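Structure assessment
Here are the chains, one letter per residue:
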Amino acid sequence: MVREVGFMRVLVIGAGQMGAGIAQVLAAKGHEVLLNDVDEARIRRGIDGIAKRLDRDVEKGKLSAEQRGEILTHIDPRPHFRDLDIHLAIEAATERLDLKLELFRDLDRNTPPEAIIASNTSSISITTLGAATAKPDRVIGMHFMNPVPVMKLVEIIRGIATSDATYAHVRDLALGLDKTPVEVRDFPGFISNRVLLPMINEAVYALYEGVASVEAIDTVMKLGMNHPMGPLALADFIGLDTCLAIMNVLYDGFGDSKYRPCPLLKQFVAAGWYGKKSGRGFYDYTAALPVPAAAPNGAYAPASAAR
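Note that the structure is predicted; figures quoted are calculated from it, not measured. (Residues numbered from 1 in each chain as written. Predicted model: local features only at pLDDT ≥ 70, side-chain atom pairs only at ≥ 80, totals over all residues. Heavy atoms only, no water.)

**Here we look at the environment of R171**
Rule in force here: The way it works is that DSSP assigns letters per residue, a run of H or I at least four long becomes a helix, a run of E at least two long becomes a strand, and they are numbered from the N terminus. Burial classes follow relative accessibility: with a 1.4 Å probe on protein chains only, a residue under 20% of its type's maximum area counts as buried, one over 50% as exposed, and anything between as partly exposed.
Mapped onto the elements, R171 comes out in helix α6 (residues 164–176). A relative accessible area of 17% means that R171 is categorised as buried. Sequence-wise, R171 and G69 are 102 residues apart; in three dimensions their C-alpha atoms are separated by 28 Å.

Structure (structure tokens):
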């Protein structure tokens, strides 16, 4: 049975692309959002990004100026999360287990016993995160898709100890945000990234082995498989560091060689070529329009391109 979720006071940890998107959709439905990050400058950048997205919606006639202003009034910067009276915390920090465990221990100490603690993790075990707290029954995964204001899917991941009541509350919240929640069991990568990231990793292998160029690989998948975006462009959009982190979780979690990260993906991350956010990945984003980046030292260039 679906129940309407009333007003909630929600702490969102992480003001980056995902956290700011989550804050925006919560605020748009009237929930009070406390937006947290490691410093006030990052929080301000996150709020400024939300304001710019709302400005575009006003220009397109999707929102009125009054609605834009009201949404922003529901988002408060919060540089710390000590002793907060909240109903829900959603963690959207960097995809690192050590960092998330530290955050969950802090949240357990600084939030009411009845508060739910959710993670937007795209691959890390909810059971493991829940075990770091005194209330694993109130820990759950709430994996939004990027960009959050546009994408409808939310994977709801139950850890082994997550209660039915916690699951029902988070599911109903997602429905109230006009999202489509899908229940998923707690296995590495869940569903979305267990299927998606090996495809991306295989595309990187095809590039690494010189099977075809960046543009050719993406064109085949767009025109041949009707994908809206090629796998290498999508990897750049997700962030190559995030792609590598998820592949490592899959590889470590299953111990299966089919999840072994491509050496080229590891090399790009080591070089700081993270994709769109760093200005360079499989594409070069420094020009007005992204173009396939030149192969370093002629590496991985297919035979036709090498002539």
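Still more ground to cover, so stick around.
**Points about the packing of aromatic side chains**
Where we set the bar: Ring geometry is summarised as follows: Phe, Tyr and Trp rings, the Trp one being its six-membered ring, pair when their centres sit within 6.5 Å, and such pairs are stacked at plane angles under 30 degrees, edge-to-face over 60 and tilted between the two. By definition, being over a ring means that NZ of Lys or CZ of Arg is both within 6 Å of the ring centre and within 35 degrees of the ring normal.
The final tally for this structure, using the stated rule, is four aromatic pairs. Measuring from centroid to centroid gives 5.2 Å for F268 and W273, while their planes differ by 90 degrees, and the two rings are edge-to-face. Feature note: the residues F268, W273 and F282 constitute an aromatic cluster, connected by ring pairs. Directly above the ring of W273 sits R280, whose terminal nitrogen or CZ lies 3.8 Å from the centroid.

**Considerations on the UniProt feature "site: Important for catalytic activity" (unreviewed entry) in the protein**
Our working rule: UniProt positions are given in the numbering used here, feature names are shortened, and annotations may be inferred rather than shown by experiment. We call two residues in contact whenever any of their non-hydrogen atoms come within 4.5 Å of each other.
Residues annotated by UniProt as "site: Important for catalytic activity" (unreviewed entry) correspond here to H143. Secondary-structure assignment places H143 in strand β6 (residues 139–144). Since its relative accessible area comes to 6%, H143 is described here as buried. Non-local contacts of H143, meaning those with residues more than four positions away in its chain, are made with S119, N120, T121, S122, L153, V154, E155, I157, S192 and N193.

**Quick look at the sheet that holds strand β4 (residues 88–91)**
Operational definition: Here, a strand pair is defined by DSSP locating no fewer than two bridges between the strands. Note on method: axes are straight lines fitted to C-alpha atoms, helices fitted across the in-contact stretch only, with angles between N-to-C directions ranging 0 to 180 degrees.
An order of β3-β2-β1-β4-β5-β6-β7-β8 is seen for the eight strands of this open sheet, with the pairing classed as mixed. Two strands bound the open sheet, and with one partner strand each, they are β3 (75–77) and β8 (180–185). The sheet shows a mean angle of 25 degrees between the axes of neighbouring strands, direction not considered. Docked against the sheet, helix α4 (residues 97–110) engages β1 (9–13), β4, β5 (116–119) and β6, running at close to 165 degrees with respect to β5.

**Section: the pattern of salt bridges**
Spelled out, the test is: Salt bridges, as used here, are contacts in which a Lys or Arg side-chain nitrogen is within 4 Å of a carboxyl oxygen on Asp or Glu.
Using the criterion set out here, one finds 13 salt bridges in the structure. Ionic pairing is found between R68 and D55, a salt bridge with its closest N-O pair at 2.5 Å. With a gap of 13 residues between them, R68 in helix α3 (residues 65–73) and D55 in helix α2 (residues 40–59) connect regions that are remote in the sequence. On the accessibility criterion, R68 (23% relative accessible area) is partly exposed. The class for D55 is partly exposed, based on a relative accessible area of 30%. For the salt bridge of R109 with D106, the shortest nitrogen-to-oxygen distance reads 2.2 Å. Here R109 and its partner D106 are both found in helix α4, three residues apart, which amounts to about one turn of the helix.

**Remarks on helix α1 (residues 17–28)**
Let me state the cut-off plainly: For a helix, the expected span equals 1.5 Å multiplied by the residue count minus one.
Given a rise of 1.5 Å per residue, twelve residues ought to cover 16 Å, and the 17 Å separating the end C-alpha atoms of α1 matches this to within 8%. Taken across its twelve residues, α1 has ten buried, putting it largely inside the fold. Within α1, the full set of buried residues consists of M18, G19, A20, G21, I22, A23, Q24, V25, L26 and A27. Positive backbone phi, approximately 90 degrees, marks G30, located one or two places after α1.

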